[in-house]
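Observations on chain architecture
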Amino acid sequence: MTATPRTYWLEHAWLGTLPQAPGSARAGGTPIEPGVAVDVEDGRITAVRTGTPAPPPGAEVLRGLTLPGLANAHSHAFHRALRSTVQVGSGTFWTWRDIMYATADRLTPDSYHALARAVYAEMALAGITAVGEFHYVHHAPGGTPYADPNAMGEALVEAAAEAGIRITLLDTAYLSSGFGQPPTTHQLRFSDGDADAWAARVSALRERDHARIGAAIHSVRAVPADQLATVARWAEERRAPLHVHLSEQTAENDACQEAHGCTPAQLLALHGVLGPRTTGVHNTHLTAEDVSLIGGSGTGTCMCPTTERDLADGIGPAVALQNEGSPLCLGSDSHAVIDLLEEARAMETNERLRSRTRGHWTAAALLRAASADGHAALGWDGIGTIEAGARADLVTLALDSVRTAGPLPRLGAETAVFAATAADVRHTVVAGRHVVRDGAHTLVPDVPGALARAVEALRA
Ligand SMILES: [Zn+2]
């Protein structure tokens, strides 16, 4: 956070407000403001002055199109080590999982810190200002706690600080390998034994300026039904976010039906897990009743389209969920791709492939999922608009790259979602601090090198 007041001058800005009437995307796009001065102090925006055609003296110039910072609402940082290496051969989600477990076996607090620092730096370069880390590799292999039982979680919180982004550590309860089945050998290091022991460990974690602590239930497979309420109560008492992988695979639904005679969403509802601070991740294979339960309870939905397509999961009913009241956010999950603009674009284009119609969301609505609603799902308020009082989290996209050159500047949100990629991010500002300047990370000098070394260390 910067305590010293400073001013950023935004050549063009999408202010993040949503005044558009339905259909306005077709009627003429999403207006953006040319020439906006943004005053920042103590990590917050203190004033926004539109109609400022030239940079005020001393202002930091953000040339291009500036948006509110992006939220990556679902991450498993260590999966970044699998990128491309898991693309050899065929298989399913379940065969991919075996390879993922082999990587998890090799993590230590030090190696995980190094990898996560590089991955979070990659996220900053992609304009991501907050990450929701769905964290379940808690203990040493075999399940022995480290001297500090939160050594792995602390490594992730520290990694985010060093990479200059916010983190919500979604500390994950992971207790069983399936309904009524103990953890497998690989999963022993994920487990605290029972939900009370999980709660005792997680309660020792402390929030910091850049870090929130939330809860997660890995899935209905991994937390016995009679212990779901313990995790939900822990989150409720702290007003903390609670995330859960939900119906990503039909096999999970089938096993849940066999064990409990209901769907995973129904089981979560029965044990008090659903609600406005809860986010279901994937929400792919749902019944119409599930969609009503999730939407009617205000439970959010985190879509991870690049991972869902990579793992051959299927396409979740995002339109129906939103229509029933479920706010949508986005995550890069397995990090096959780290690009929130691509996640936003893919949510819309997946729906086009399925429905054979276009325009399910406006570009502005997709950006809202990638920013304001993502931050809210992670427990961060005041991010997602550029206005006085908001947190000073910004991302600036080049408008002169081979991808973005051409469209009229007034098509701001459309250019961001349907033309730009993470490679177009020029600046990232988190809590008023200039973390990425002119495409270079200001805190981690060689992000590709850091990634290469961290991934190689896990292969050795
Ligand atoms: Zn996940």
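Please refer to the structure higher up on the page.
Residues numbered from 1 in each chain as written. Predicted model: local features only at pLDDT ≥ 70, side-chain atom pairs only at ≥ 80, totals over all residues. Heavy atoms only, no water.

Let's shift gears to the packing of aromatic side chains. Applying the stated criterion to the full structure yields nine aromatic pairs. Taking 6.0 Å as the distance between ring centres and 80° as the angle between the ring planes, the aromatic pair formed by phenylalanine 78 and tyrosine 112 counts as edge-to-face. Pair noted here: phenylalanine 78 is in the loop between strand E5 (70–75) and helix H2 (93–105) and tyrosine 112 is in helix H3 (residues 109–125), with a separation of 34 residues, a long-range link. The exposure class of phenylalanine 78 is buried, given its relative accessible area of 2%. The class for tyrosine 112 is buried, based on a relative accessible area of 1%. Ring-pair connections join several aromatic residues into one group, and the members of that group are Phe78, Tyr101, Tyr112, Tyr136, Tyr174 and Phe190. The positively charged end of arginine 166 is found above the aromatic ring belonging to tryptophan 380, 4.9 Å away from the centroid. We note arginine 212 situated over the ring of tryptophan 380; from NZ or CZ to the ring centre the distance is 4.1 Å. (Phe/Tyr/Trp six-rings, centres within 6.5 Å; stacked < 30°, edge-to-face > 60°. Helix = DSSP H or I, 4+ residues; strand = E, 2+ residues; numbered from the N terminus. Buried < 20%, exposed > 50% of the residue type's maximum accessible area, 1.4 Å probe, protein only. Lys NZ or Arg CZ within 6 Å of the ring centre and 35° of its normal.)

A few words on the packing of helix H12 (residues 340–355) against helix H13 (residues 363–370). Their axes nearest at 9 Å, the elements H12 and H13 cross at an angle of 130°. Overall, the two elements H12 and H13 adopt an arrangement that is oblique. The way H12 lies across H13 gives a crossing that is right-handed. Residues Leu340, Leu341, Ala344, Met347 and Glu348 of H12 form the contact with H13, whose own contacting residues are Leu366, Leu367, Ala369 and Ala370. Classifying every residue of the contact of H12 with H13 by side-chain character gives eight nonpolar, no polar and one charged. (Axes fitted to C-alpha atoms, helices over the stretch in contact; angles between N-to-C directions. Parallel < 35°, antiparallel > 145°, perpendicular 65-115°, else oblique. Left-handed = near helix turned anticlockwise from the far one by under 90°. Contact = heavy atoms within 4.5 Å. Nonpolar A, V, L, I, M, F, W, Y, C, P; charged D, E, K, R; others polar.)

Time to look at the coordination of the zinc ion. Bound to the zinc ion are the protein donor atoms His74 (NE2), His76 (NE2), His245 (NE2) and Asp333 (OD), situated 2.1 to 2.8 Å from the metal. Donor residues for the zinc ion, ordered by position in the chain, follow H-x1-H-x168-H-x87-D. Of this pair, histidine 76 sits in the loop between E5 and H2 while histidine 245 is found in strand E9 (residues 242–246), placing the two residues 169 residues apart along the sequence. Judged by relative accessible area, which is 7%, histidine 245 ranks as buried. (Donors = N, O, S within 2.8 Å, 3.2 Å for Na, K, Ca; no water.)

Glancing now at the environment of alanine 54. Tracing the backbone shows alanine 54 in the loop between strand E3 (44–49) and strand E4 (60–68). Note on alanine 54: relative accessible area 45%, which makes it partly exposed. Residues alanine 54 and histidine 12, spaced 42 residues apart in sequence, show a C-alpha to C-alpha distance of 11 Å.

What follows covers empty space enclosed by the protein. The full count for this structure, using the stated rule, is three cavities of 30 Å³ or more. The computed volume of the largest cavity comes to approximately 160 Å³. Counted by class, the lining of the largest cavity contains eight nonpolar, seven polar and four charged residues. Its volume calculated, the second largest cavity comes out at about 60 Å³. (1 Å grid on protein atoms, 1.4 Å probe; cavity = no way out; pocket = protein on both sides within 12 Å on 5 of 7 lines; lining within 4 Å. Points joined across faces, edges and corners; volume = space filled by probe spheres on them.)

This part covers the pairing of strand E8 (residues 211–217). Within E8, seven of the seven residues are buried, which leaves it mostly tucked inside the rest of the structure. In this structure, strand E7 (residues 166–173) lies alongside E8, joined through seven bridges in parallel fashion. Bridging from a neighbouring strand, leucine 170 pairs with glycine 214 of E8. Once the chain exits E7 it traverses helix H5 (residues 195–202) before rejoining the sheet at E8, and the crossover so formed is right-handed. (Pairing = 2+ DSSP bridges. Right-handed = clockwise from strand over helix to strand, strands pointing away.)

Another aspect to go through is the nonpolar core. Membership of the largest hydrophobic core comes to 127 residues, with the highest contact counts inside it found for Phe78, Tyr120, Ile167, Trp234 and Met347. When residues of this core are assigned to their parent elements, the largest contribution, nine residues, is made by H3. Counting only domains with at least three residues in this core, you end up with domain 1 (6–68 + 383–441) and domain 2 (70–377). If sequence neighbours within four positions are ignored, phenylalanine 78 has contacts with Met100, Thr103, Ala104, Leu107, Tyr112, Leu115, Tyr136 and Val137. (Core = buried A, V, L, I, M, F, W, Y, C linked by side-chain atoms within 4.5 Å. Domains from an automatic or database assignment.)

So, about unusual backbone geometry. Backbone geometry places aspartate 42, a non-glycine residue, at a positive phi of 50°. Tracing the backbone through its elements, the reader meets aspartate 42 in the loop between strand E2 (33–41) and E3. Among the residues examined, aspartate 42 registers a relative accessible area of 43% and is labelled partly exposed. At alanine 431, a residue that is not glycine, the phi angle is positive and equals roughly 50°. Examined against the element boundaries, alanine 431 turns out to sit in the loop between strand E14 (425–430) and strand E15 (433–437). On the basis of relative accessible area, alanine 431 is assigned to the buried category, the value being 9%.

Right, let's talk about the sheet that holds strand E11 (residues 300–303) for a bit. Taken in spatial order, the eight strands make up an open sheet running E5-E6-E7-E8-E9-E10-E11-E12, and their pairing is parallel. The open sheet has two free edges, formed respectively by E5 and strand E12 (328–330), since each of these has just one partner strand. Across the sheet, the mean angle separating the axes of adjacent strands is 25° when strand polarity is ignored. Inspection of the sheet shows E5 paired to strand E6 (residues 128–135) by four bridges, in the parallel sense. Note on E6: the bridge partner recorded for asparagine 72 is valine 131. Contacts between H3 and the sheet are confined to E5, E6 and E7, with E6 contributing the most and set at about 145° to the helix. The sheet strands contacting helix H6 (residues 225–238) are E7, E8 and E9, and the helix crosses E8 at an angle near 160°.

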